Amino acid sequence: MAGISDVLNIAKQALLAHQMSIQVAGHNVSNVDTPGYTRQTLLLNPALPNPSGVGPIGNGVEAVRILRQYDNFATQRIMQAESNIKNLDAQNQAMRMVEAAFNEAPGLALNDLLSKFWDAWQEVADNPESLPSRQSLVQQAELFATQLQSMHNEIVRTRNDIGTNLESAIDEANSLIDQLAQLNGEIAATETPTKKANDMRDQRDVVLKELSGLLDINYFETADGNYTVMLADGHTLVENDQSWNVGWEDDALIWIGERRNQLGEFVEVKTTIGKGAELGGKIGGWLEIYNRLDATDPSSYAGRLDAFTRSFIREVNQQHSQGVGMTSFADVLRGTGTAKDTAVLTGTIDTTTASTDIPDGTLKINGRSVGRIDGSVVTNGVAAGKAYNAVQAINAAVTGVTARLTTQVAGSAVTAATAAEVGSTISFSIEDQTVTYTIQAGDTDAATFAANLASAINSAMSAADITVRAKVGDGSNGGEENALILYNTNTGDESSIQIADLDLADIDAKTGLANDIYEADASHNSGQVSLFSADPFTVEAGATDSWLAHFGWDGGTVSADDDANDGRFKYTYTDGGVANSLLGFEFGADLTTDGAAFEIWLYNSDGTLAAPQPVSVSLERVFTLDDVVQRINDAVATAATGSSSWLRATNDNGQLELRTDGDHRFAFANDTGNILQVAGLNILFSGDQASNIAINSVVADDVTMLAAATVSSRGDIFRGDNSNALAITNLQRAETIAFRGHADDSFDSFYNSLVGSIGIDGQQIKNGQQFHDLLANQLNEMRDSTSGVSLDEEMANLMKYQHAYTAAARLITMSDELLRTLLQSV
C-alpha cells in the first residue's frame, strides 16, 4: 500500500507543478505586449526523497518559486539611455521652434532686411533731397524693427510653452517619485525570502523608467528589496517608503528637503541642482533650451539677439544724432530715453579677506553667476585691486546691473614747510580749477600743512561746483600718513581726476602730488564697489553671509529685505539710490563724460544764425540728468545777450526735453560723450532691445528730420549734404562694433554667427538623438533576449508542460489500476 500511495503522491505533485508551469507560461503569453513586463519561469526542484532499504527513493517534483528573467545590467543601461533619448528629444522639439524664429527664408530673413536697410541709406546718400528715398528708408527701418520684434515675440512664446511643459513634467516627476515610494512599501509588505512580487516589481521598473525619462537618476536595490533612487548629483528622491520632491525656481531645478533648525524644528530646505541638459531627461532638455532663450544671459540665443539689436540701435543712433535733417528742430524736442531712479548699493572690500579669491559662481546677481574675483594686496588700508577685479567680473557676467568704482588718488606724504617758506604760495590746478594756498606759520608741522592744503582744495572745488574733494591720509584710508587724497564725492563716479600745473622743481613738490590724469583703475579707487540698477536686484553668495562679508554686505542690515547670515538679500531704490541717475538710462553705461561735450547751434525762426558760434555743453563730471539740464541752460545763457530764454532744457519725469521760445530753432553737432544717443535726442530708433525697437516718432512723422547731413563748421545746414548718411552706411562694414558680453565684430558676422550656432546646435542634437536611439534599440534587444516574451518559445514550453501534465495524469491512472489489481487479489 505504501509504495502505491507514494506513486499517487508523486503523480499529484507532478500534476500541480505542471499545471502551475502552464499557468506561468499562459501569464507570459497574455503579457507579451505589456510594457515593462519581464518573462517569468517556474523553478522546479526534486522533492526530498524517502528512505528505503535500497537507498533514498525519489519523491517527485515540487514548485519552489516563480523567477523573473531579469537582466539588471541591461535594465540600468536602458534607464540611462531613456534619460538621454528623452533629453535630446525635448531639446529637438524646442530647437525646431527656435529655428522657426530665426527663419532665414528669402523675404523674411533678417539678413535680407538688414541689407535693404543699408541699401536704403545709400539711396538717401545718393539723393539726400529726395523725399521718396527718405520715405523708403523709414519703411525699410520699420520692416527691420518689426522683424526683430516678431523674432523676440516668437522666442517669448517658445519659452513660455517650454515653461508650461516644465511645470507639467516636474509635477509628473513628483507623482512618479511618490509612486515609487508607495510601491517600495507594498513590495516590502508582500514579499518573503522565497516569494517575490514579480508583477509589482515590473510595475516599479516601469515607473522608474518613466522617471528616468524625466530626469537623470541612479538607483540600487537594498537587501530588503527596496529601491533607493537618487538624482545624478546624489540627492535622494526615494528611500524605502519615503520620498523627496523636486521643484523649479529661478530657472533651475531644485531639490526640496528638510533639516532641523537651531530650535530642533524641521524646516524646508531648497537646493539648486542644475539649469540645463546635465539634469537629463525631458526636464533637463527643456531647461537647457529654456535658459538658452533667457534674454538676461548675454550668451543665450535671446541674449545674443538682444546684444545684436542693442548694438545696432546704439551705433546707428550715435551716428544719426551727430547729424541734422533737411531743417533744424523747432518748438519742443523730447528724448525717448528715461533716466530712472537708480538703486545704488555700495560696499567696501574687507581688508582682512582682501587676498582671498572668490571662486567662480560664488557670487550671483539676479541669478547670474559672477566669475572668479581675484584677491589683492591691501595698500594703506584699501583693497583697490580686489575692488577693481570685482567690478570687472560683475560687468562681464551681469546685465541690468552696472558695477562701478569711485576714483581716488593719493599722493605721497606732505613735506612740512620750513620757516623760510612761510608766506610762499603754492599754486596748481585740479580739473582745470586753480588751487592757491599761502604757506602759514603752522605749516612747519606736516599734519597741519596737509590739513590746510586739503581745506584749500575743498574750498576751491566747492566754489567751482566740482565734485572732487580732498582728505588727509592716515595709513588706513587709502593714503599714507599726512598724504593728500583726492576722491570723487559721488559714490560710483569713475570720472578721472586731473592734476596739473604743479612745479615739482619748486615748492609745489611739498604737496606730494604729481601732474597726471588719474583714471579709476586697479590702483586709483576707494576700495569700494557700487552696484547701479534701475530695477530691484538680488545678491547671493552661498548659504551664509561669509562671502558677502568680503564686500561689507553681511549682517542682515544691507536692505529692508535682508536676513542675517542667510547669504542673500534684495536691494531696491528705497534702500538707497540716486534720482534720475544717468546710469538709469538704458544706454547709460555707454555715456562718456571725461573731457566730453556736445554742441547746440541756435537759429532764428527764418533759419539764420542766432549766435555766431555753437553752444558748447560740457559733460565733464555730470552724474544725473539734472546735472545735464543745468549744463545746457548755463551754456545757452552765455551764448549771447538775452539768449537764456531762446532754448530751455528741463527734466520731465526723467526725460530730457528741449523747448524753444517760439522764435528760435536748434540743431546738434559734435557729441563726443554720446549724451544725445543716451537721452534719445535726434535718433532714428527708439528702444534698446528686440522687444521694443521702433522708429523714433520724430522721424516717422516727418522724414525731413532724417539726419543725412551734418551742420557745417559755420552752422550751415545744406539740404543736399549727405555726409552723415555716408557715415551711417559705413557702419555696415565696421568690424569693431562692441556687443555686450561678446568680442567686437561686424553686424553681419555677429548675426550670422548666431544663426549658424543655432543650426549647428540643432544638428548636433539630432545626431545625438539618432545615436542614442540606435543604442537604446540594441539595449532593448539585449534585454528582450533575456527578459522578453517569445511566443514561439512559450508555445513550445506549453506543449512540453502539456505532455508532462498528461504523463502525470497517466501515472495516476496506472496507480489506480495497480490498486484495483491489489484489491481484487485480496
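What counts, and at which threshold
- Numbers given for residues are sequential positions, taken from 1 along each chain in its written order.
- In view of the model being predicted, local features appear only for residues whose pLDDT reaches at least 70, and side-chain atom pairs are presented and counted only at 80 or more, with totals across whole chains, interfaces and linings using the full set of residues.
- Note that water and hydrogens are dropped before the side-chain values are worked out from all heavy atoms of the structure.
- If DSSP finds at least two bridges between two strands, the strands pair.
- Labels follow the DSSP assignment, with helices taken as runs of H or I lasting at least four residues and strands as runs of E lasting at least two, numbered in each case from the N terminus.
- Should any heavy atoms of two residues lie within 4.5 Å, those residues are counted as being in contact.
- Axes, fitted as lines to C-alpha atoms, cover a helix only where it is in contact. Angles between the N-to-C directions of the axes lie from 0 to 180 degrees.
- Roughly parallel refers to an angle under 35 degrees, roughly antiparallel to one over 145, roughly perpendicular to one between 65 and 115, and oblique to any angle outside these ranges.
- The sense of a crossing depends on the near helix, which, turned anticlockwise from the far helix by less than a right angle, makes the crossing left-handed and, turned clockwise, makes it right-handed.
- In this count, Pro and Cys sit with the nonpolar residues alongside Ala, Val, Leu, Ile, Met, Phe, Trp and Tyr, while Asp, Glu, Lys and Arg are called charged and the others, Gly among them, polar.
- Note on exposure labels: buried denotes an accessible area under 20% of the residue type's maximum, exposed denotes more than 50%, and partly exposed covers the range between, all computed with a 1.4 Å probe on protein chains only.
- Basic side-chain nitrogens of Lys or Arg form a salt bridge, by our definition, when they fall within 4 Å of a carboxyl oxygen of Asp or Glu.

Here the focus is the sheet that holds strand S6 (residues 242-243). Taken in spatial order, the four strands line up as S3-S4-S5-S6 in an open sheet, and their pairing is antiparallel. For this open sheet the edge positions go to strand S3 (217-221) and S6, each flanked by a neighbour on one side alone. Note: strand S5 (residues 236-239) against S6, two bridges, orientation antiparallel. Bridging across to S6, Val238 finds its partner in Ser243. Across the sheet, helix H4 (residues 131-190) touches strand S4 (227-231), S5 and S6, and the angle it forms with S5 is around 25°.

Packing of H4 against helix H6 (residues 281-292) brings their axes to within 10 Å, and their N-to-C directions diverge by 155°. In this view, H4 runs roughly antiparallel relative to H6, as classed from their interaxial angle. Crossing of H4 over H6 shows left-handed handedness. Across the interface between the two elements, Arg159, Ile162, Gly163, Asn165, Leu166, Ala169, Ile170 and Ala173 of H4 pack against Ile283, Trp286, Leu287, Ile289, Tyr290 and Asn291 of H6. Considered class by class, the residues forming the contact of H4 with H6 number 10 nonpolar, three polar and one charged.

The next subject is the environment of Asn198. Mapped onto the elements of the fold, Asn198 is located in helix H5 (residues 198-212). Judged by its relative accessible area of 6%, Asn198 falls in the buried class. Spatially, the C-alpha atom of Asn198 lies 72 Å from that of Leu731, the residues being 533 residues apart in sequence. Among residues more than four places away in sequence, those in contact with Asn198 are Gln40, Ile66, Leu67 and Arg68.

Moving on to the packing of helix H3 (residues 110-126) against helix H7 (residues 301-321). Where H3 contacts H7, the axes come no closer than 15 Å and their chain directions differ by 5°. With respect to their mutual orientation, H3 and H7 come out roughly parallel. Mapping the contact onto sequence places Leu110, Leu114, Phe117, Trp118 and Trp121 in H3 and Phe308, Phe312, Val316 and His320 in H7. Residues belonging to the contact of H3 with H7 are distributed by class as follows: eight nonpolar, one polar and no charged.

Quick look at the sheet that holds strand S16 (residues 408-413) now. Note on sheets: strands pair through backbone hydrogen bonds, and any given pair is parallel or antiparallel. On the basis of which strands lie adjacent, the open sheet formed by three strands has the order S16-S20-S19 and antiparallel pairing. Lying at the two open borders of the sheet, with one neighbouring strand each, are S16 and strand S19 (468-472). Neighbouring strand axes in the sheet, compared pairwise and without regard to direction, differ in orientation by 20° on average. Looking at chain direction, S19 and strand S20 (residues 483-488) are connected through five bridges and run antiparallel. Opposite Val472, over in S20, you have Leu484 as the bridge partner.

Turning our eyes to something else, we now look at the pattern of salt bridges. Going through the model one piece at a time under the given rule, you end up with 23 salt bridges. A salt bridge links Glu431 to Arg621; the nearest nitrogen and oxygen atoms lie 3.6 Å apart. Taken as a pair, Glu431 in the loop between strand S17 (425-430) and strand S18 (433-438) and Arg621 in the loop between strand S28 (615-618) and helix H10 (625-637) lie far apart in primary sequence, 190 residues in all. On the accessibility criterion, Arg621 (6% relative accessible area) is buried. Members of the salt-bridge network, linked through shared partners, are Arg334, Asp652, Glu657 and Arg659.

Turning to its location among the elements, Ser757 is positioned in helix H14 (residues 747-787). The residues touching Ser757, leaving out its near neighbours within four places in the chain, are Tyr301 and Arg304.

Everything listed is a geometric property; what it means functionally is a separate question.
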